[in-house]
Amino acid sequence: MQRIALVTGSYKGLGFAIAERLAKDEGMKVILSGRDLAKVQESAARMIKDDLSVDAIELDVDQQSSVESAIATLEQKYGHIDLLVNNAGVNPSYDPTEQSFLTVKTKTLGETINTNATAVLTMMQSVVPLMKKAGYGRIVNVSTEMASLRGIPTDYYPLALSYRVSKIALNGIVSLVAKELAGTDILINAYSPGWLKTDMGGPDAPFTAHEGAETAIYLATLPTGGPSGKFYAEMRKFGGPIELQW
Ligand SMILES: NC(=O)c1ccc[n+]([C@@H]2O[C@H](COP(=O)([O-])OP(=O)(O)OC[C@H]3O[C@@H](n4cnc5c(N)ncnc54)[C@H](OP(=O)(O)O)[C@@H]3O)[C@@H](O)[C@H]2O)c1
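Conventions adopted
Residues numbered from 1 in each chain as written. Predicted model: local features only at pLDDT ≥ 70, side-chain atom pairs only at ≥ 80, totals over all residues. Heavy atoms only, no water. Axes fitted to C-alpha atoms, helices over the stretch in contact; angles between N-to-C directions. Helix = DSSP H or I, 4+ residues; strand = E, 2+ residues; numbered from the N terminus. Parallel < 35°, antiparallel > 145°, perpendicular 65-115°, else oblique. Left-handed = near helix turned anticlockwise from the far one by under 90°. Contact = heavy atoms within 4.5 Å. Nonpolar A, V, L, I, M, F, W, Y, C, P; charged D, E, K, R; others polar. Buried < 20%, exposed > 50% of the residue type's maximum accessible area, 1.4 Å probe, protein only. Phe/Tyr/Trp six-rings, centres within 6.5 Å; stacked < 30°, edge-to-face > 60°. Lys NZ or Arg CZ within 6 Å of the ring centre and 35° of its normal. Pairing = 2+ DSSP bridges. Right-handed = clockwise from strand over helix to strand, strands pointing away. Near = heavy atom within 4 Å. Polar contact = N/O pair within 3.5 Å; in protein donor to acceptor, adjacent residues only side chain to side chain. Areas by Shrake-Rupley, 256 points an atom, 1.4 Å probe, with all protein chains shown as cover. Core = buried A, V, L, I, M, F, W, Y, C linked by side-chain atoms within 4.5 Å.

Glancing now at the packing of helix H1 (residues 13-26) against helix H2 (residues 37-49). Taken N-terminus to C-terminus, the directions of H1 and H2 make an angle of 30°; their axes are 11 Å apart at the nearest point. The pairing of H1 with H2 is recorded here as roughly parallel in orientation. Along this stretch, H1 crosses H2, giving a crossing that reads as right-handed. Of the residues in H2, those in contact with Phe16, Ala19, Glu20 and Ala23 of H1 are Ser43, Arg46 and Met47. Counted by class, the contact of H1 with H2 contains four nonpolar, one polar and two charged residues.

Printed below as a string of structure tokens:
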């Protein structure tokens, strides 16, 4: 049976790179998704040209109705979703107000938490019931090393308050969901892809989106009994899966 993989925010950047590798290297049927269907379809067409198995769907993770309608459509079409990659994200860190808690806008903080954390919970509330029915699921969450609470006192990253707090919230959700799913074959983990040359990472980043996808593929294809509720660094840096501290 061909695995069905849904990747959020995947018409470009890291999401597209993860989708491409899942289809090319793992033979999965990948559902590209995003809030602008025309852009998603354009990216899907590029994959179809390469003979890859792909579908396109409109999905705004911030809108519960959009999430519910997309998942209902996919359930009707395929009957199962085996892999969910929560990749969609926003990062307001470049705004100078983000560099001090005295200036950060609470509205920005709320919106960032909405997309980077709350929406991930919404996605899982829609997708995990299908995984439970099938008795199988893998959930990969794109986080960042900047969200390691243990690392904050000594790391060299900018304050980036809204972004970091939103990903800390995401990490918390991953840990708690893993606890509730313990004993099932639904494995959920988070990882940090490193600094990547995408619209978010900018042109000075040292690594490509393709390189940043490596750990996602590892977590997407974990065997039964594999780890769950963990936070991983980018494998490229260490030559294998290395856990980060929450
Ligand atoms: N680049 C890095 O260096 C880096 C480092 C660590 C972690 N990450 C994480 O990697 C993930 C992907 O980022 P990227 O670097 O590939 O950035 P990107 O090129 O800016 O891609 C972000 C994607 O998320 C989508 N998105 C944002 N809000 C959405 C929503 N409400 N519904 C659906 N899609 C939405 C964007 O779509 P629109 O075009 O419609 O906004 C876009 O497709 C993010 O979670 C980010 O935090 C990136």
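After presenting the structure, the write-up continues.
With that settled, consider unusual backbone geometry. Phi at Asp51 takes a positive value of approximately 65°, unusual for a residue other than glycine. You can see Asp51 is positioned in the loop between H2 and strand S3 (54-58). A residue is classified by how much of its surface remains accessible, and Asp51, at 72% relative accessible area, is exposed.

In this section: the packing of aromatic side chains. Across all of its chains, the model carries three aromatic pairs by this definition. Here the aromatic rings of Tyr156 and Tyr157 are separated by 4.7 Å at their centres, their planes lie at 45°, and the arrangement is tilted. Take Tyr156: its relative accessible area is 69%, and that puts it in the exposed class. When the centroid spacing of 6.2 Å and the interplanar angle of 75° are considered together, the rings of Tyr218 and Tyr232 count as edge-to-face. Placement of Tyr218 in helix H7 (residues 214-220) and of Tyr232 in strand S7 (residues 231-232) is noted, with a sequence separation of 14 residues between them. Exposure remark for Tyr218: the relative accessible area of 27% places this residue in the partly exposed category. One Lys or Arg, Arg3, reaches over the ring of Tyr136 and ends 3.7 Å from the middle of that ring. The positively charged end of Arg236 is found above the aromatic ring belonging to Phe207, 3.6 Å away from the centroid.

Moving on: the pairing of strand S2 (residues 29-34). For S2, the tally of buried residues reaches six of six residues, placing the bulk of the element in the interior. Burial of S2 is two-sided: the residues Lys29, Ile31 and Ser33 facing one way and the residues Val30, Leu32 and Gly34 facing the other way are all buried. Bridge count for strand S1 (residues 4-7) against S2 is four bridges, and the pairing is parallel. When the sheet's bridge partners are listed, Val7 is paired in S2 with Leu32. Considered for its hand, the β-α-β crossover made up of S1, H1 and S2 is right-handed. Where S2 and S3 come together, five bridges link them in parallel fashion. Residue pairing in the sheet places Gly34 in a bridge with Glu58 of S3. Viewed along the sheet, the connection from S2 through H2 into S3 turns out right-handed.

Moving on: the site of the ligand. In the region of the ligand, 27 residues are neighbours, and Tyr11, Arg35, Asn87, Tyr163 and Thr198 sit closest. With respect to the ligand, the backbone of Asn87 contributes an N or O atom lying 2.7 Å from an oxygen atom. Tyr163 is positioned with one of its side-chain polar atoms (N or O) 2.6 Å from an oxygen atom of the ligand. Contact with the protein chains removes 91% of the 890 Å² of surface that the ligand exposes when unbound.

Now for the nonpolar core. Core analysis: the largest hydrophobic core is formed by 35 residues, its most contacted members being Leu6, Ile71, Leu84, Met123, Met124, Ile139 and Ile188. Only S1, helix H3 (64-78), helix H4 (106-134), helix H5 (161-180) and strand S6 (186-191) provide two or more residues apiece to this core. Here this core gets nine residues from one element, more than from any other, and that element is H4. If we ignore the near neighbours within four places in the chain, the residues touching Leu84 are Leu6, Thr8, Met123, Met124, Val127, Met131, Arg138, Ile139 and Val140. Residues Phe16, Ala17, Val140 and Tyr232 belong to the second largest nonpolar core, which totals 32 residues.

In this fold, Thr115 is placed in helix H4. In this structure Thr115 comes out as buried when scored by relative accessible area, which is 9%. Residues Thr115 and Leu170, 55 residues apart in the sequence, show an inter-C-alpha distance of 9.9 Å. Residues contacting Thr115, with those up to four places away along its chain left out, are Val61, Asp62, Ala88, Gly89 and Val90.

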